[in-house]
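For reference, the chains in residue letters:
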Amino acid sequence: MLEKTAIADAAGDLADEDELPPISDRVVTIKPASRRPQLDLHELWHYRELAATFAWRDLKVRYKQSLIGAAWAIIQPVMTMVVFTFIFGTFAKVPSQGLPYQLFSYSGILPWSYFAGALGAASGSLAMNSSLLTKIYFPRVLLPLAAVTVPAVDFLLACTVLGGLMGWYGLSVGINALLAPLFMILAAATALGVGLVFSVINVRYRDVPYAIPFVIQIWLFLSPVIYPIKALHHSWERLILSLNPMSGVITGFRWSLLGTPPPSALQLLLSIVAACAFLTFGLAVFRRAEPRFADTI
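Residues numbered from 1 in each chain as written. Predicted model: local features only at pLDDT ≥ 70, side-chain atom pairs only at ≥ 80, totals over all residues. Heavy atoms only, no water.

Looking at the packing of aromatic side chains
Each pair of aromatic rings is reported with the distance of its centres and the angle of its planes. Put simply, the rule reads: Two aromatic rings, drawn from Phe, Tyr or Trp (for Trp, its six-membered ring), form a pair once their centres lie within 6.5 Å of each other, and the interplanar angle then sorts them: stacked below 30 degrees, edge-to-face above 60, tilted otherwise. The way it works is that DSSP assigns letters per residue, a run of H or I at least four long becomes a helix, a run of E at least two long becomes a strand, and they are numbered from the N terminus. Throughout this description, buried means an accessible area under 20% of the type-specific maximum (1.4 Å probe, protein chains only), exposed means over 50%, and partly exposed covers the range between.
Summed over the entire model, instances satisfying the criterion amount to 9 aromatic pairs. Consider the rings of Phe115 and Trp219, whose centres lie 4.9 Å apart with planes at 70 degrees: the pair is edge-to-face. Taken together, the residues Phe115 in helix H6 (residues 101-123) and Trp219 in helix H12 (residues 208-221) connect sequence positions 104 residues apart. Of the two residues examined, Phe115 and Trp219, each falls in the buried class.

Structural notes on helix H15 (residues 265-289)
What counts is decided by this rule: Between the first and last residue of a helix there are one fewer steps than residues, each counted as 1.5 Å, and that sum is the expected span.
Along its 25 residues, H15 runs 36 Å from first to last C-alpha, staying within 8% of the 36 Å computed at 1.5 Å per residue. Within the sequence span of H15, burial applies to Gln267, Ser271, Ala274, Ala275, Gly282, Leu283, Phe286, Arg287 and Ala289.

Some thoughts on the pattern of salt bridges
Definition in use: One side-chain nitrogen of Lys or Arg within 4 Å of one carboxyl oxygen of Asp or Glu is enough to make a salt bridge.
Applying the stated criterion to the full structure yields 2 salt bridges. With a closest N to O distance of 3.0 Å, Arg57 and Asp58 form a salt bridge. Take Asp58: its relative accessible area is 23%, and that puts it in the partly exposed class. Between Glu290 and Arg287 there is a salt bridge; the shortest N-O distance is 3.0 Å. No difference in accessibility class separates Glu290 from Arg287, as the two residues are buried.

Some details on the nonpolar core
As a reminder, the rule being used: Residues enter a nonpolar core if they are buried and are Ala, Val, Leu, Ile, Met, Phe, Trp, Tyr or Cys, with the set joined through side-chain atoms within 4.5 Å. A contact between two residues is defined here by any heavy atoms of the two lying within 4.5 Å.
Ranked by size, the top nonpolar core spans 71 residues in total, and within it Trp112, Tyr114, Leu162, Val225, Met246 and Phe253 carry the most contacts. Apart from the residues within four sequence positions on either side, Met246 is in contact with Pro111, Trp112, Phe115, Ala187, Trp219, Ser223 and Pro224.

A closer look at the confidence of the model for the protein chain
This is how it is decided: pLDDT measures how confident the predictor is about each residue, on a scale from 0 to 100.
Mean pLDDT for the protein chain: 84, with 85% of residues reaching 70 or above. Confidence drops under pLDDT 50 across residues 1-18; counting only partners more than four residues distant or on other chains, this segment forms 0 contacts.

Below, the structure is given as structure tokens:
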């Protein structure tokens, strides 16, 4: 009787082993993160649901317990447009490329507001999630990447006002509007690259929250938000300003929606190269510092 029971148990164990996946499918190889400035798209896709969870969490707490909630996404750029129109349009008489200055300034404020919000959120993404960094493993780059996507919701809400202004002044959208998302992708890449660097610095030094508003303020006046880049008299001035990726983003965004003069080929090329350089440098800094995040933060 005992012999039959042993044979049955052995047969059952063999059947269970046959149902298990091959050994190669059950082995997980743990390797150190690559120091090369690259995004592991396969790993990011594997953790896509976690990235969506981070973005949704940040979106829910963005206006939590605020009185008017998401309306701030519209009020802030509209009030900025009013101030810019009053100062630069009425008194300073800044050229607006044949457009009403309200429309000219608001079309520059939109991509700029997205960039400023994305840069600020990405810079503080690691420090704000220190408890996660020290307890579980996931691709750390998901945090600044998710932070860059959240301000896109505010951008889309604020675009409704731009549509209203265009209808008020009798402007229609042409086929070039299909290129507007490409310029916003360029803005997102720039914000991510710079945000990665500041997020790494913020892990060790808590001066970043004080420095970011100053950097954004200076960067605003180096971008053609309140003036067209062609208002600069010297070609070397326009060339230097083109090294700012937001110069190509704002000029191209205006052109795609409002029909203003397009960015020159050189200006667009310099903006793209600069954005790629920011992103590559940011990834390189982030990858090099990533193994020390849990110990430093």
